[in-house]
Amino acid sequence: MPMQSRTPARLGRPLSVIGQGCWQIGADWGEVSDESAQGVLGAALDAGVTFFDTADVYGDGRSERLVGAMRQNAGGSQANGDEPFGGSSPSAPLFVATKASRRADPFAPESFTEENLRAWVERSRQNLAMDTLDLVQLHCPPPAIYRDDRVFDVLDALVAEQKLAAWGVSVETCEEALISLEREHLASIQIILNPFRLKPLDEVVPLAREKGVAIIARVPLASGLLTGKFSPGTTFAANDHRSFNRAGEAFDQGETFSGVEYEVGLQAVARLEQALDGAMPLPEATLRWILAQDGVTAAIPGASSGEQARRNAAAGSAPAAEQQAVLARFDAAVQQTYDDLLRKNIHPRW
Ligand SMILES: NC(=O)c1ccc[n+]([C@@H]2O[C@H](COP(=O)([O-])OP(=O)(O)OC[C@H]3O[C@@H](n4cnc5c(N)ncnc54)[C@H](OP(=O)(O)O)[C@@H]3O)[C@@H](O)[C@H]2O)c1
């Protein structure tokens with residue numbers, strides 16, 4: 001079944017509804033070798049993914065460089081089965097979103113000088129080997145930055161200079177998304193949206209839809225919790241953020257397991273699995289549920305293997321008629337589980 005794509009008005013370019021999250025192929029998820037990283041990208045390409053989300057800080061540029069090499073390889077005429085990325089020819093031009101703003105102190109508004117912004121973009125252009133970056137997202141900047149016209153004037157100038165085609169924001173909170181939606185050149189919002197994070201559906205997603213702003217749903221599998229593969233005894237490597245950021249020690253707590261306490265997350269997963277009753281794998285139901293929300297452009301699951309990337313991409317096909325009933329049942333369970341176990345802690349915070 002073919003991958004679907006959506007074209008938000010302010011981007012004016014089609015994105016595959018499943019994008020490949022590329023944090024894993026940078027760092028912070030335990031060891032991922034270059035071969036595994038290339039396997040993830042090649043599998044995603046083979047499965048029809050044309051949208052890739054990376055950032056300049058993932059592995060200090062490693063993720064961008066791998067995506068840049070894949071992009072060149074996929075567009076190159078000599079691609080063949082021996083190429084590291086599988087030699088796939090994408091069905092549509094690839095779309096690469098990157099992020100900037102965490103290379104200097106990411107918590108200090110003073111880091112957001114014109115000089116720094118220009119230097120970060122320049123480095124991404126080199127890492128990705130692209131003259132014009134498809135999309136640059138501010139990478140969860142400090143709250144004050146969302147109201148700082150100076151920063152957005154620089155981004156507009158970079159668009160005018162064709163260093164980037166569009167800019168967006170990757171936000172922590174719905175409030176930050178709503179402030180950003182006041183800007184007429186905002187092209188995209190990246191936000192955590194999954195069965196553990198329903199608040200964006202209240203206001204952010206409907207307003208973005210109305211304005212033609214892309215909604216990119218990140219952390220769609222709650223860092224893997226929503227695959228159902230974890231148990232109380234699961235352990236993670238020391239250099240995996242699921243070990244070192246559970247309480248928000250390194251960056252926002254919401255980026256790890258969507259900010260849901262691990263044991264509570266396992267209880268919520270058990271309820272969702274029960275509702276599915278084996279009719280659809282939990283990761284597939286989760287991704288299809290996200291894509292069914294009106295106004296969502298794409299979900300961007302990360303993957304630590306080609307097999308995961310392939311399975312996630314399969315959720316980007318149009319749901320079959322018999323799957324609709326399963327998804328309706330799943331939706332009811334998502335709403336109930338959120339109200340019973342999660343809303344109290346999640347809704348006020350993000
Ligand atoms: N601030 C920001 O802007 C920001 C923050 C976070 C993420 N992001 C972006 O969003 C993307 C996605 O978020 P995320 O990677 O944090 O979390 P995620 O997509 O919710 O979870 C990814 C993890 O889930 C597991 N997984 C994925 N597919 C699976 C499958 N089919 N079967 C079994 N397990 C599977 C893997 O865990 P294992 O590693 O245990 O195999 C994988 O590492 C990132 O890659 C990045 O591009 C952006």
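Anything mentioned here points back to the structure above.
In this report, we go over the structure that sits alongside the text. Note that the structure is predicted; figures quoted are calculated from it, not measured. (Residues numbered from 1 in each chain as written. Predicted model: local features only at pLDDT ≥ 70, side-chain atom pairs only at ≥ 80, totals over all residues. Heavy atoms only, no water.)

Describing the site of the ligand
Stage number 1. Among the 30 residues in the neighbourhood of the ligand, the closest are listed as Gln 24, Asp 53, Ser 170, Leu 221 and Ser 304.
Stage number 2. At a separation of 3.3 Å, an oxygen atom of the ligand approaches a polar backbone atom of Cys 22.
Stage number 3. A distance of 3.1 Å separates an oxygen atom of the ligand from a polar atom in the backbone of Ala 222.
Stage number 4. Protein coverage of the free-state accessible area of the ligand, which is 900 Å², stands at 94%.
Stage number 5. With respect to the pocket detection grid, the ligand is positioned in the largest pocket.
Stage number 6. The element contributing the most residues to the shell around the ligand is helix H10 (residues 306–314), with three residues.
Stage number 7. When its residues are assigned to classes, the shell around the ligand shows 11 nonpolar, 12 polar and seven charged. (Near = heavy atom within 4 Å. Polar contact = N/O pair within 3.5 Å; in protein donor to acceptor, adjacent residues only side chain to side chain. Areas by Shrake-Rupley, 256 points an atom, 1.4 Å probe, with all protein chains shown as cover. 1 Å grid on protein atoms, 1.4 Å probe; cavity = no way out; pocket = protein on both sides within 12 Å on 5 of 7 lines; lining within 4 Å. Sits in = over half its atoms within 2 Å of the grid points. Helix = DSSP H or I, 4+ residues; strand = E, 2+ residues; numbered from the N terminus. Nonpolar A, V, L, I, M, F, W, Y, C, P; charged D, E, K, R; others polar.)

A closer look at the pattern of salt bridges
Stage number 1. For the structure shown, the criterion picks out 20 salt bridges.
Stage number 2. Across the pair Arg 209 and Asp 294 runs a salt bridge whose closest N-O atoms are separated by 3.4 Å. Taken together, the positions of Arg 209 in helix H6 (residues 204–211) and Asp 294 in the loop between helix H9 (282–291) and strand S10 (298–299) put the pair 85 residues apart, joining distant regions of the chain.
Stage number 3. Given the relative accessible area of 41%, Arg 209 is considered partly exposed.
Stage number 4. Notably, a salt bridge pairs Glu 284 with Arg 288, separated by 2.9 Å at the nearest N-O pair. Here Arg 288 and Glu 284 lie together in helix H9, a separation of four residues that amounts to about one turn.
Stage number 5. Residue Arg 288 is classed as buried on the basis of its relative accessible area, which comes to 7%.
Stage number 6. Residues joined by salt bridges that share partners form a network here, namely Glu 114, Arg 118, Glu 161 and Lys 163. (Salt bridge = Lys/Arg side-chain N within 4 Å of Asp/Glu carboxyl O. Buried < 20%, exposed > 50% of the residue type's maximum accessible area, 1.4 Å probe, protein only.)

Section: helix H3 (residues 114–128)
Stage number 1. Its 15 residues give H3 an end-to-end C-alpha distance of 21 Å, which sits within 8% of 21 Å, the value for a rise of 1.5 Å per residue.
Stage number 2. Residues of H3 that are buried in the fold lie against helix H2 (62–75), strand S5 (95–100), strand S6 (135–139) and helix H4 (149–160). (Expected span 1.5 Å × (residues − 1). Contact = heavy atoms within 4.5 Å.)

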